[in-house]
Amino acid sequence: MNWRGVLAIYKFEMARTFRTIAQSVISPVLSTVLYFVVFGTAIGSRIDTVQGVDYGAFIVPGLVMLTLLQQSVTNASFGIYFPKFVGTVYELLSAPLSFFEIVLGYVGAAATKALMIALIILVTSALFVDLHIAHPFWMLGFLILTAVSFSLLGFIIGVWARSFEQLQLIPLLVITPLVFLGGAFYSADMLPPFWEAVTHLNPVLYLISGFRWSFFELSDVPVGVSLMAVTGFLALGLAVVWIIFKTGWRIRS
Amino acid sequence: MIDMTNDSMISIQGLGKSYDSGHTALKDVNLDIRAGEILALLGPNGAGKTTLISSICGLITPSTGSITVGGYDVHRDYRQTRRMIGLVPQEIHIEMFETVWNTARYSRALFGLAPDDAYLEKVLRALSLWDKRDTKNMELSGGMKRRVLIAKALAHEPRVLFLDEPTAGVDVTLRRDMWDMVRSLQEDGVTIILTTHYIEEAEEMADRIGIIRAGEILLVEDKDQLMQRLGKKQLRLHLQDAVRELPDSLAAYNLRHTEDFTGLIYEYDAQSKRTGITRLIADMAAAGISVRDLETSETNLEDVFLTLTNDEVPS
């Protein structure tokens, strides 16, 4: 194992985060605060509670998840796309690093950054609402598993993308709608039966539901199913990355 | 081509590379690169120089054949081979927002080596980059950026250094500096492979010269031997009247006819004491062949290069 190499990539990526601190940390925090003001305060004042939980508090897990997914995907995809774009990927490919080590460096850094921001948002939201976390261990577990799986997805997007436009396509057109429709701001059982059934096809529902359970012990789907779902994403991401590197797809011709 | 008296550092056998597009970049390349030598690969654009280098460094996966570096297979034992190799690419690819110092440290760590600031300082000083160590790469001039690329390639103390078109678009000072650096690296025992289309660079630097065209190695030869072969001069004799049959008295000169038989070509070694020109002219006069005019010309690497890369492979 070339641990020094992995650490070098990890530190390089983290340094990039701190170099662009405003863009990396402040902007997601700001947009979350705006969501809070609009959904939590303005709209939430007309909704008392959802399943017995204050609406402002109810949306916190969804908001954290929204940011976590976006950040994981964006960080990881940009992290690997940028060396491809500027050409420095040559050094990565000529270094004594296995594909697993390269992924570990990039995905590790992307997931760390996403987790940091998610936790900052959690703390920020505690300033607005009274938060109670029933299962902190599970909450962290869901956060980490989700951050890693979606960083893997981001990595795949970064390898696949041939332009900055493609890079933004999936986060914008897929991830954001899935989070909004996956119960970030409501409970699936508030929907008419048909749409409730449709919502169950949305993979993000399982993530948000499991994550919310760790706060309030309330969930749209059983927590075991959520856990299986997130583990499934992780396995799928790992499998795809493994295939990419085995075939050298869009990386090594 | 394989010289058993020298240790081989890199051994390439039956290397071929075809892309999905159907383009064949390399076909059946066999090449042995000796430990500690400077090998210049000469060839026109698109000849396969970069593909060859990329195959050795692990940037592309060859379609056929095998490559060993220091006895290790580049595919199976990639950790060992890549640790030995430093690559300076043709294009300037560096992390724009990082400082020179961080870039070099990053490269070293990427290759799994413990930090060694004293060594990196030595490298940066040798490349006149030490004063610029805290400057961001994006603020450097083109020539300086190229130096950073070299610093990156040397950061992990490679035993083999690939320089892909190192002096393309580089000013005279940097070119001289680079040549000096390459020589001092060779003194330290580093094997150096450079690709170029500057003949003078190959003449100046290389121990051996390989000529590559359309994915094939046409020739690999010691530079001195090649230069000796090339050091021949030609005497071109324009005759008063066309001569089709030469008398026996001129047979020893191995004269060649020009296409229209109005001229004769005599090849001689310019370095030797006796060129035989005086005797030839006397013998020609004795045979009754009168010379209207004469000219001499010298073949150089460029001529051979052009002949080889334009025409058929010589026998």
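We now turn to the structure provided with this report. Note that the structure is predicted; figures quoted are calculated from it, not measured. (Residues numbered from 1 in each chain as written. Chains lettered and ligands numbered in written order. Predicted model: local features only at pLDDT ≥ 70, side-chain atom pairs only at ≥ 80, totals over all residues. Heavy atoms only, no water.)

All names here are of chain A. Helix α5 (residues 99-126) packs onto helix α3 (residues 55-86) with a crossing angle of 150° between their chain directions and a minimal axis gap of 8 Å. Put simply, α3 runs roughly antiparallel to α5. Both α3 and α5 take part in a crossing whose hand is right-handed. Every residue of α5 that contacts α3 at Val60, Val64, Thr67, Leu68, Gln71, Ser72, Asn75, Ala76, Gly79, Ile80 and Pro83 is listed here: Tyr106, Ala110, Lys113, Ala114, Leu115, Ile117, Ala118, Ile121, Leu122 and Ser125. (Axes fitted to C-alpha atoms, helices over the stretch in contact; angles between N-to-C directions. Helix = DSSP H or I, 4+ residues; strand = E, 2+ residues; numbered from the N terminus. Parallel < 35°, antiparallel > 145°, perpendicular 65-115°, else oblique. Left-handed = near helix turned anticlockwise from the far one by under 90°. Contact = heavy atoms within 4.5 Å.)

Before going further, it helps to spend a moment on the packing of aromatic side chains. Two aromatic rings, taken as a pair, are described by how far apart their centres are and by the angle between their planes. Summed over the entire model, instances satisfying the criterion amount to 23 aromatic pairs over all chains. When the ring of A:Phe78 is compared with that of A:Phe82, the centres are 5.3 Å apart and the planes differ by 20°; the resulting orientation is stacked. Residue A:Phe78 and its partner A:Phe82 are located together in helix α3, separated by four residues, close to a single helical turn. A residue is classified by how much of its surface remains accessible, and A:Phe78, at 27% relative accessible area, is partly exposed. By relative accessible area, which is 21% here, A:Phe82 ends up partly exposed. An aromatic cluster is built from A:Phe78, A:Tyr81, A:Phe82, A:Phe85, A:Phe164 and B:Phe97, whose rings are joined through pairwise contacts. Sitting over the ring of A:Phe58, A:Arg212 keeps its end group 3.7 Å from the ring centre. Sitting above the plane of the B:Trp130 ring, B:Arg133 keeps its charged end 4.0 Å from the centroid. (Phe/Tyr/Trp six-rings, centres within 6.5 Å; stacked < 30°, edge-to-face > 60°. Buried < 20%, exposed > 50% of the residue type's maximum accessible area, 1.4 Å probe, protein only. Lys NZ or Arg CZ within 6 Å of the ring centre and 35° of its normal.)

Before going further, it helps to examine the nonpolar core. Core analysis: the largest hydrophobic core is formed by 105 residues, its most contacted members being A:Leu92, A:Phe155, B:Ile10, B:Leu52, B:Val69 and B:Phe162. The greatest single-element share of this core, amounting to seven residues, is contributed by helix α5 (residues 142-154) of chain B. Excluding anything up to four places from it in sequence, A:Leu92 contacts A:Ile9, A:Ile80, A:Leu97, A:Ile102, A:Tyr106, B:Tyr106 and B:Leu110. Among the nonpolar cores identified, the runner-up in size contains 43 residues, and A:Val29, A:Phe36, A:Val53 and A:Phe216 belong to it. (Core = buried A, V, L, I, M, F, W, Y, C linked by side-chain atoms within 4.5 Å.)

Take the interface of chain B and chain A next. At the junction of the two partners, chain B supplies 28 residues and chain A supplies 26 residues. Between chain B and chain A the total buried area reaches about 2,500 Å² when both faces are included, carbon and sulfur atoms providing 57% of it. The interface formed by chain B and chain A includes three salt bridges. Residues A:Glu91 and B:Lys152 are paired through a salt bridge, measuring 2.7 Å at the closest nitrogen-oxygen approach. For the interface between chain B and chain A, the tally reads eleven residue pairs in polar contact (both at pLDDT 80 or more). Residue assignment for the side of chain B that touches chain A shows that the elements contributing at least two residues are α2 (78-84), α3 (100-110) and α5 of chain B. (Buried area = accessible area lost by both parts, 1.4 Å probe. Salt bridge = Lys/Arg side-chain N within 4 Å of Asp/Glu carboxyl O. Polar contact = N/O pair within 3.5 Å; in protein donor to acceptor, adjacent residues only side chain to side chain.)

Before going further, it helps to examine a nonpolar patch on the surface. Residue and element names in this part refer to chain A. Taken together, the side chains of Val37, Val38, Ile43, Leu127 and Phe128 make up a nonpolar region of the molecular surface, amounting to roughly 460 Å² of accessible area. Residue position: Phe128 is located in the loop between α5 and α6 (136-160). By relative accessible area, which is 39% here, Phe128 ends up partly exposed. (Patch = residues over 30% accessible without salt bridge, like charges linked within 9 Å, V, L, I, M, F, W, Y side chains within 5 Å. Areas by Shrake-Rupley, 256 points an atom, 1.4 Å probe, with all protein chains shown as cover.)

This brings us to the sheet that holds strand β12 (residues 256-257) of chain B. Residues and elements named next belong to chain B. With antiparallel pairing, the four strands of this open sheet are ordered in space as β12-β13-β11-β14. The open sheet has two free edges, formed respectively by β12 and β14 (291-298), since each of these has just one partner strand. Those strands touched by helix α9 (residues 277-286) are β11 (232-239), β13 (263-269) and β14, and its axis lies near 20° from that of β11. (Pairing = 2+ DSSP bridges.)

Moving on: the environment of A:Phe99. All names here are of chain A. Assignment of secondary structure puts Phe99 in helix α5. As for Phe99 and Lys246, which are separated by 147 residues in sequence, their C-alpha atoms are 8.6 Å apart. Those residues within four positions of Phe99 in sequence are excluded, and the remaining contacts are Phe245 and Arg252.

As a further point, take the pairing of strand β6 (residues 85-88) of chain B. All names here are of chain B. Of the two faces of β6, both are covered, the one formed by Ile85 and Leu87 as well as the one formed by Gly86 and Val88. With four bridges connecting them, β6 and strand β7 (residues 160-164) associate as parallel partners. Among the inter-strand pairings, Ile85 is bridged to a residue of β7, identified as Val160.

This part is about the sheet that holds strand β3 (residues 38-42) of chain B. Through backbone hydrogen bonds, the strands of a sheet pair up, either in parallel or in antiparallel fashion. All names here are of chain B. Overall, mixed pairing links the six strands, which are arranged β6-β7-β8-β3-β9-β10 in an open sheet. Both edges of this open sheet fall to β6 and β10 (216-222), since each of them pairs with a single strand only. Taking each pair of neighbouring strands and ignoring which way they run, the sheet shows an average axis angle of 15°. Sheet topology note: the strand β9 (residues 208-213)/β10 ladder contains six bridges and is antiparallel. Bridging from a neighbouring strand, Ile212 pairs with Ile217 of β10. Together, β3, β6, β7, β8 (191-196), β9 and β10 form the strand contacts of helix α1 (residues 49-57), whose direction differs from that of β7 by roughly 150°. Of the strands in this sheet, β6 and β7 are in contact with α5, which crosses β6 at around 170°.

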